[in-house]
Amino acid sequence: MTIFIRRFLSEEEFDDNFNTVDLVKKTLVCFSLEDKKPPWKLWGYAYNDPKVEHAETIVLRELKKYLGSNPTKKDSQYKITLYASYSPCLTCCEEIYKFLNNNNEKVIMKLNISRFYNFHDYDNKISLKILRKYGVQIKMMDLEDYKACFYLFVDPNVELQPREELDVQCQRNEIDLDRLWSEEFQVFEDYLLRRKGQNSAISFISEHLSPGHDRLQKDLTTPKKDEQETASQAKTPVKLPQIKDMDRKERFKRKLPFD
């Protein structure tokens, strides 16, 4: 089984997949779905099924099933948060786009990434830019995000003790992401012309680069980066509170702090 609903990760699994140092040949995605009121409606995590299905696709299918069996009011809006050990590949980005497009204005998505997947591959870089263009809030995880992920999906009673090199790697990842956002789509045009027609994923990229092809959803615009922060500065981690008198972990699964 590759998806685990309302299940906690072990500390070993968390460290194996989110340590940013060791090369991991699998993808882990932790996810939560909530509306305006706690508790979470759906949460858990999934691994990729090697050579069969990616973790992102497995999670999207579970979310789609939940939304399909739980009709919402017209003014309802869900918030989905993903903590992914790797950034989604081109094909997964296309699936995320289809999922959001099919749910129109009912869903806001926030994607927190631990490390890049084949970051120098143009397909993956462009597809991330397309997701951002359509309102997915994408960021590289910093120390605060790792602590939050550990608190929410591993154990709210134990404080994460990050590796010494994690802070440096977070800064490097943030710099790489800033460089990607600063690149113009035009730099990839020649590459796209060479690849055009090769597969559906390339068609997905080509079809969504036009300036007027924006998704009309105000709440999905990516917030601007704080002008006081720079890529060379690490954010001060926020210590997560300890929870006392806890009989059952499940009852503390509430909601993520959305900006």
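Here the structure is a predicted model, which is why all the values come from computation and not from measurement.

Engineer: Outline the confidence of the model for the protein chain, supporting the account with residue identities and numerical values.
Structural biologist: The predicted structure's coordinates, where accompanied by low pLDDT, should not be read in detail. Model confidence for the protein chain is summarised by a mean pLDDT of 78, while 69% of its residues fall at 70 or above. Note that pLDDT drops below 50 for residues 211-259; the model gives that stretch 104 contacts with residues more than four away or on any other chain.

Engineer: Describe the pairing of strand E4 (residues 78-84), with residues and values.
Structural biologist: Taken across its seven residues, E4 has six buried, putting it largely inside the fold. Of the strand pairs in this sheet, strand E2 (residues 28-34) and E4 are connected by six bridges, and their pairing is antiparallel. Within the sheet, the bridge partner assigned to Glu 34 lies in E4 and is Lys 79. Bridge analysis of E4 against strand E5 (residues 107-113) gives seven bridges, and the strand direction is parallel. Note on E5: the bridge partner recorded for Tyr 78 is Val 107. For the handedness criterion, the β-α-β arrangement of E4, helix H3 (residues 90-102) and E5 is classed as right-handed.

Engineer: Lay out the environment of Leu 177 with the relevant residues and their values.
Structural biologist: Looking at the element boundaries, Leu 177 is found in helix H6 (residues 166-182). You can call Leu 177 buried: its relative accessible area is 5%. When residues no more than four places from it in sequence are discounted, the contact partners of Leu 177 are Phe 116, Ile 138, Lys 139 and Met 140.

Quick notes on the rules
Residues numbered from 1 in each chain as written. Predicted model: local features only at pLDDT ≥ 70, side-chain atom pairs only at ≥ 80, totals over all residues. Heavy atoms only, no water. pLDDT = per-residue confidence, 0-100. Contact = heavy atoms within 4.5 Å. Buried < 20%, exposed > 50% of the residue type's maximum accessible area, 1.4 Å probe, protein only. Helix = DSSP H or I, 4+ residues; strand = E, 2+ residues; numbered from the N terminus. Pairing = 2+ DSSP bridges. Right-handed = clockwise from strand over helix to strand, strands pointing away.

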